[in-house]
Amino acid sequence: SLRHFFGMLTGAILVLPAIVAAWYFGVWGGMGVILGDFLLEFVIADLFWPMGHSDGVALLERLVTTVVCAVAVIIVGRIRESYHKNEKTILERSLLSREQQTYLDFMALLNEIVRASLEADDMLSMLEMLARRVGELFGVKDCLITRWDEARQLPIPTVAYGSLHETYASLPVF
């Protein structure tokens, strides 16, 4: 078999691809590499290099190497599963934290709008501040505030935030 040609080196080399397979494909991927190595050494290699397996020490060596490799595959596979589970949990918590921070920022700005509205000296300054803050709160480019003329049943442009800031209040009312 290959072990007769290369000695214990084949068992040591088997551990590397089995561990890599266990990390990327889980325990079953690593066990597949071990099974593939077994088939390669004991089935295919015997077709080309018929040496027989009568040497009890070589068989015991191979068995110990396979068991050690299987244990390494199980350990690495479990570490992989734990890593991916923890990575998913961390990502979920990070997303939740960002959502909570967005909510807190929204509520803080809303609270500031209410506070500033209560502290305003006159109606026009309060409406200008309200248009600006509501535009910031919702992340929009323009915010328009229009009063309703009950007597004439018409909207009256009052204040604007954004591109119409200078001209909105002077728009004609029809």
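Everything in this summary refers to the structure shown in the same document. Please read all numbers here as calculations on a predicted model, not as lab measurements.

What to know about the environment of Cys143
Here's step 1: Take Cys143: it is sitting in strand 1 (residues 143–149).
Here's step 2: With 12 residues separating them in the primary sequence, Cys143 and Ala131 have C-alpha atoms 5.6 Å apart.
Here's step 3: Leaving out residues up to four positions away in the same chain, Cys143 has contacts with Ala131, Val134, Gly135, Val159, Ala160 and Tyr161.

Details of the pairing of strand 2 (residues 154–161)
Here's step 1: In this sheet, strand 2 lies alongside strand 1 in antiparallel orientation, the contact comprising seven bridges. Across the sheet, residue Ile145 finds its bridge partner in strand 2, namely Val159.
Here's step 2: What sits between the antiparallel neighbours strand 1 and strand 2 is a turn of four residues, in which Gln153 has the positive phi angle 60 degrees.

A look at the side chain of Arg133
Here's step 1: For Arg133, the position within the fold is in helix 5 (residues 123–138).
Here's step 2: At a separation of 2.4 Å, a polar atom in the side chain of Arg133 contacts the side chain of Glu112.
Here's step 3: In this view, Arg133 contacts Leu109, Glu112 and Ile113; residues no more than four positions away in its chain are not counted.

Some thoughts on the side chain of Asp149
Here's step 1: By the secondary structure assignment, Asp149 is in strand 1.
Here's step 2: Judged by its relative accessible area of 18%, Asp149 falls in the buried class.
Here's step 3: For Asp149, the side chain forms a polar contact with the main-chain nitrogen of Ala151, separated by 3.1 Å.
Here's step 4: Within the structure, the side chain of Asp149 is placed 2.8 Å from the side chain of Arg152, a separation counted as a polar contact.

The rules behind the values
Residues numbered from 1 in each chain as written. Predicted model: local features only at pLDDT ≥ 70, side-chain atom pairs only at ≥ 80, totals over all residues. Heavy atoms only, no water. Helix = DSSP H or I, 4+ residues; strand = E, 2+ residues; numbered from the N terminus. Contact = heavy atoms within 4.5 Å. Pairing = 2+ DSSP bridges. Polar contact = N/O pair within 3.5 Å; in protein donor to acceptor, adjacent residues only side chain to side chain. Buried < 20%, exposed > 50% of the residue type's maximum accessible area, 1.4 Å probe, protein only.

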